[in-house]
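Listed below, chain by chain, are the residues.
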Amino acid sequence: MLRDVAVLALDGGHAFELGVFCEVFGIDRSDDGLPAYDFAVVSPTGTSVRTRHGFGVETPHGLERLASADLIGVPAHDPRTRHPEELFEALRAAVRRGARVLSICSGAFLLGEAGLLDGRRCTTHWRYGDELARRFPLARVELDVLFVDEDPVITGAGTAAGIDTCLHLVRKEQGSAVANDIARRMVAPPYRDGGQTQYIKRAEPERGAGALASLLVWLQANLHRELTVEGMARRAHMSPRTFARRFQQEIGTTPLQWLTEQRLLLAQRHLENTDEPIATIAERSGFGSIDTLRHHFARRLGVTPHAYRRTFRGRTATTR
């Protein structure tokens, strides 16, 4: 059952993520026929804590309040913050007795320190993914998702993905009707397509060195053309086999994988910054057809080109 919810307020914590828990679980909506949760904000000392934004959060509840919770929320906070061992033991004890823990963004680091990510899939904000994997090598970090449900440990990606994660748990425990009604009250989508991969700011491509430098510049100016490994090798004055090996060594990927990635980047820029029809963007980026463009978008970003454009350009953009 999902009835008793406690959320941690931590020194240096992020107010938005703390507010997500308060908004989803801390408001009595029983007049609308929705569940009312026994909700509490908890600090490790049972006194006030200071958020990263400079204001304090007061609470009379200490770690003893976690002992009855069905769900313990862990908002984002500075992952370098040191926490008392009593907090980690309280989280482990809660999981042992059958409670769930749910983190948002960098809150996953606290779960990692408690040993609750070991052997489990998990996620965090895409900016923290490498650090989370380095600090907790037994965790299986996934960054192409908005949340990971490894019941009883649930982890959400950055910031707004906390809403998706909390609504997912409500939907799982209390049904779609309840989750949808809470989302309506929050004026939030009850479910979002795709994962956080579509929100990652991807770096400009490597330019290469030596014989490949001028080739990569030419390729980026000619992504709309039909390009083959054999043709690229001829332009680089190499055999296809030598070219493929040299490309892998210098760029770190295969020529065709690199080509697909650059075409996706080009298509994303057109979708974000122009009102060109999708078919035109497919041709200009070298995919040739809408179906091919849609296939690569779905596989790499988890959304369609139309959905990507709506997200980053708005619903008034041309979507022909």
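Residues numbered from 1 in each chain as written. Predicted model: local features only at pLDDT ≥ 70, side-chain atom pairs only at ≥ 80, totals over all residues. Heavy atoms only, no water.

**Looking at the overall build of the protein**
Point 1. On a plain count of helices and strands, the protein comes out with 13 helices and 10 strands.
Point 2. A principal-axis box enclosing the C-alpha atoms of the protein has dimensions of 70 × 40 × 35 Å.
Point 3. Each of the 320 residues in the protein was classed as buried or not, and the buried ones make up 48%.
Point 4. Taking as baseline every contact in the protein between residues at least 6 positions apart, the subset at least 24 positions apart corresponds to 62%.
Point 5. Accessible area of the protein: about 15,500 Å², with a carbon and sulfur share of 49%.
Point 6. Distance from the positive charge centre (42 side chains) to the negative charge centre (39 side chains) of the protein: 8 Å. (Helix = DSSP H or I, 4+ residues; strand = E, 2+ residues; numbered from the N terminus. Buried < 20%, exposed > 50% of the residue type's maximum accessible area, 1.4 Å probe, protein only. Contact = heavy atoms within 4.5 Å. Areas by Shrake-Rupley, 256 points an atom, 1.4 Å probe, with all protein chains shown as cover. Lys, Arg positive; Asp, Glu negative; His and termini not counted. Charge placed at Lys NZ, Arg CZ, Asp CG, Glu CD.)

**What about the pattern of salt bridges?**
Point 1. What the rule picks out here adds up to 21 salt bridges.
Point 2. Note that E276 is salt-bridged to R284, the shortest N-O span being 2.5 Å.
Point 3. With relative accessibility at 15%, the residue E276 sits in the buried group.
Point 4. Classification of R284 as partly exposed rests on a relative accessible area of 45%.
Point 5. Each of R100, D149, D151, K172 and E173 takes part in salt bridges that share partners, so that together they form one network. (Salt bridge = Lys/Arg side-chain N within 4 Å of Asp/Glu carboxyl O.)

**Examining the sheet that holds strand β9 (residues 147-150)**
Point 1. Judged by pairing direction, the sheet is mixed, and its six strands sit side by side in the order β2-β1-β5-β6-β10-β9 without closing on themselves. Strand pairing shows two members of the sheet lacking a second neighbour, β2 (38-42) and β9, which therefore form its edges. Strand-to-strand twist of the sheet, defined as the mean angle between neighbouring strand axes without regard to direction, takes the value 15°. (Pairing = 2+ DSSP bridges. Axes fitted to C-alpha atoms, helices over the stretch in contact; angles between N-to-C directions.)

**Describing the environment of E89**
Point 1. Here E89 shows up in helix α2 (residues 85-96).
Point 2. We classify E89 as partly exposed; its relative accessible area is 35%.
Point 3. Linking E89 and G115, residues 26 residues apart in sequence, is a C-alpha distance of 9.8 Å.
Point 4. In terms of polar contacts, E89 uses its side chain to reach the side chain of R96, at 2.6 Å. (Polar contact = N/O pair within 3.5 Å; in protein donor to acceptor, adjacent residues only side chain to side chain.)

**What about the packing of helix α10 (residues 255-273) against helix α12 (residues 290-300)?**
Point 1. Relative to each other, α10 and α12 sit at 100°, their axes nearing to 11 Å. Judged on the interaxial angle alone, α12 and α10 are roughly perpendicular. Between α10, through T260, E261, L264, A267, Q268 and L271, and α12, the contact on the second element is made entirely by L293, H296, F297 and R300.
Point 2. Split into classes, the residues belonging to the contact of α10 with α12 amount to five nonpolar, three polar and two charged. (Parallel < 35°, antiparallel > 145°, perpendicular 65-115°, else oblique. Nonpolar A, V, L, I, M, F, W, Y, C, P; charged D, E, K, R; others polar.)

**Overview of helix α5 (residues 161-174)**
Point 1. For α5, which comprises 14 residues, the first-to-last C-alpha distance of 20 Å matches the rise-based estimate of 20 Å (1.5 Å per residue) to within 8%.
Point 2. α5 sits mainly inside the fold: 10 of its 14 residues count as buried.
Point 3. Within α5, burial applies to A161, G162, I163, D164, T165, C166, L167, H168, L169 and V170.
Point 4. Elements in contact with the buried residues of α5: α1 (15-25), β5 (71-74), β6 (100-104), β9, β10 (153-156) and α6 (176-186).
Point 5. Looking one or two residues beyond α5, the residue adopting positive phi is G175, at roughly 95°. (Expected span 1.5 Å × (residues − 1).)

**Considerations on the nonpolar core**
Point 1. Counting 31 residues, the largest nonpolar core has F25, L102, V170 and I182 as the members making the most contacts within it.
Point 2. Where this core is concerned, the elements lending two or more residues are β1 (4-8), α1, β6, α5 and α6.
Point 3. For V170, the residues in contact, after removing those within four places along its chain, are V24, F25, Y37, G175, V178, A179 and I182.
Point 4. Among the nonpolar cores identified, the runner-up in size contains 29 residues, and L10, L110, C122 and V153 belong to it. (Core = buried A, V, L, I, M, F, W, Y, C linked by side-chain atoms within 4.5 Å.)

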